[in-house]
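Letter by letter, the chains look like this.
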Amino acid sequence: MTDFATTKDMFILPEGMIYLDGNSLGPVPKAAADHVHQMMTDEWGQMLITGWNKAGWMGMPAALGDRIGKLIGAEPGSVVVGDTLSIKVYQAVASALELNPDRKVVLSDNGNFPTDLYMVDGLLRSLGDDYELRVVDPEQVTDALTDEIAVLMLTEVDYRTGRMHEMKTLTELAHSLGVVAVWDLAHSAGAIPVDLTICNADFAVGCTYKYLNGGPGAPAFVYVAPRLAERVRPALSGWLGHEDPFAFDLDYRPGAGIERMRVGTPPVIQMASLSVAMDVWDMADMADVRVKSIELTELFIQRVEATCPDLTLASPRDPLQRGSQVSFRFAEGYAAMQALIARGVIGDFRAPDIMRFGFTPLYIDETDVEQAVDILADIMRNRQWDRPEYKIRQRVT
Ligand SMILES: *Cc1c(COP(=O)(O)O)cnc(C)c1O
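> Describe in detail the packing of aromatic side chains, supporting the description with residues and values.
The tally for this structure, following the rule as stated, stands at eleven aromatic pairs. Centroid distance Trp52 to Trp57: 5.3 Å. Interplanar angle 85°. Geometry classified as edge-to-face. For Trp52, a relative accessible area of 21% gives the class partly exposed. Where Phe330 meets Trp385, the ring centres are 5.4 Å apart and the plane angle is 80°; that geometry is what we call edge-to-face. Within this pair, whereas Phe330 is found in the loop between strand 10 (325-329) and helix 13 (333-342), its partner Trp385 is found in the segment after helix 14 (366-381), the two being separated by 55 residues in sequence. Taken as a pair, Phe330 and Trp385 share a single burial class, namely buried. When the ring centre of Phe113 is taken as reference, the NZ or CZ atom of Lys210 above it lies at 5.4 Å.

Shown next as structure tokens:
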């Protein structure tokens, strides 16, 4: 059994704050600052360039990939970290398209996070006019999957509402039609149990600064199914994905397996903080996390609906169909969220009218949920959001 009191104690959680935004940026583990400091003084400071070998920096992308892989049902040696998620989406979809050279259509849905769509749009423009990004409603994905589609690219958990796609069923259907499946796990990794092996996914990508708590700007990850890894030809053919980077050959030859999905120099300081976050994950079992997450989201929904009649549930009511977040619609949602943040309850706002709350059992418990709802109910009852200062839009919402 995961001991959530212990995991909660492993994070810095500011006094007087209830943090329901771990789906956007996880909090910092207490051990991270010392570990990063030690990396900077003992490794970077004393070893300088020799740190790549002596401190094992060069092996960290694959080592961290394996640790993340345990949370998402990936075989050892099938996940590597690096770059940002936008880049990894591009890389995975480009590789997936090459596996299906006779087809020209990428299918996605309009619940996807916009950067995923933007990146594929840019990729397809560089490939030529005959390529198409087809975007349908999430409910229409099954009908739109045909043997015309080259690649199905979906985010498993909708960033706005938490609605989940059925990864296993859709991947099976995709494969039966000769479609390659790319899954974005941005709101899945560390939020819900994922088993890429059982789902038979082809590619998966995700980020490490949301539920995984790696820190702002921590590198993304990419998974390639072992059955495909040696066939993939990376479009982002950087030197560190080369078979022998330090041969400095003029010709690119892809590295072994997942190593070829590396591009350039990895972010060692960010990987140091990510490794501390993964130490916390070593103490957690995803099945326990899911049980607790459902308890927390059910409690939140029940209490908000009982006390805040102006808010409308935007997430699926069935907990099995939503991830680890809950969203409510409210026309003045931006202002209400600002009022909430002013009182120490941190969630976020997604246009046009979504108030979004993330539930992260590693450091959020029932008491936090109850207190957060009490404050929200007070704000709604007294129309505390109706003040000019809460209506000024900030750069990051
Ligand atoms: C958070 C998120 C991203 C962010 O991409 P970055 O390149 O890390 O900024 C991309 N896609 C999805 C689905 C996300 O939820």
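Picking up after the structure, the text goes on.
> Could you give me a rundown of the sheet that holds strand 9 (residues 312-313), with the residues and numbers involved?
Within the open sheet, the four strands sit side by side as 9-10-13-12. Their pairing is antiparallel. Of all the strands in the sheet, just strand 9 and strand 12 (348-350) have a single pairing partner and so form its edges. Here helix 13 sits on the sheet in contact with strand 12 and strand 13 (354-358), set at roughly 40° to strand 13.

> Report on the domain arrangement of the protein chain, specifying residues and quantitative values.
Interfaces are frequently sized by the accessible area removed from exposure as the parts join. When cut into domains, the protein chain gives domain 1 (4-29 + 285-391) and domain 2 (32-281). Contact with domain 1, which involves 32 residues of that partner, is made by 26 residues of domain 2. Summing both sides of the interface, domain 1 and domain 2 together bury roughly 2300 Å²; the carbon and sulfur share of this comes to 65%. Three residues, Pro29, Met286 and Gln325, lead the burial of domain 1 against domain 2; their summed loss comes to 25% of the area buried on that side. On the surface where domain 1 and domain 2 come into contact, there are zero salt bridges.

> I'd like to hear about a nonpolar patch on the surface, residue by residue, with values.
On the surface, Met40, Trp44, Leu48, Ile49 and Ile269 cluster together into a nonpolar patch covering about 500 Å² of accessible area. Mapped onto the secondary structure, Leu48 falls in the loop between helix 2 (32-47) and helix 3 (51-54).

What counts and how
- Residues numbered from 1 in each chain as written.
- Predicted model: local features only at pLDDT ≥ 70, side-chain atom pairs only at ≥ 80, totals over all residues.
- Heavy atoms only, no water.
- Phe/Tyr/Trp six-rings, centres within 6.5 Å; stacked < 30°, edge-to-face > 60°.
- Buried < 20%, exposed > 50% of the residue type's maximum accessible area, 1.4 Å probe, protein only.
- Helix = DSSP H or I, 4+ residues; strand = E, 2+ residues; numbered from the N terminus.
- Lys NZ or Arg CZ within 6 Å of the ring centre and 35° of its normal.
- Pairing = 2+ DSSP bridges.
- Contact = heavy atoms within 4.5 Å.
- Axes fitted to C-alpha atoms, helices over the stretch in contact; angles between N-to-C directions.
- Domains from an automatic or database assignment.
- Buried area = accessible area lost by both parts, 1.4 Å probe.
- Salt bridge = Lys/Arg side-chain N within 4 Å of Asp/Glu carboxyl O.
- Patch = residues over 30% accessible without salt bridge, like charges linked within 9 Å, V, L, I, M, F, W, Y side chains within 5 Å.
- Areas by Shrake-Rupley, 256 points an atom, 1.4 Å probe, with all protein chains shown as cover.

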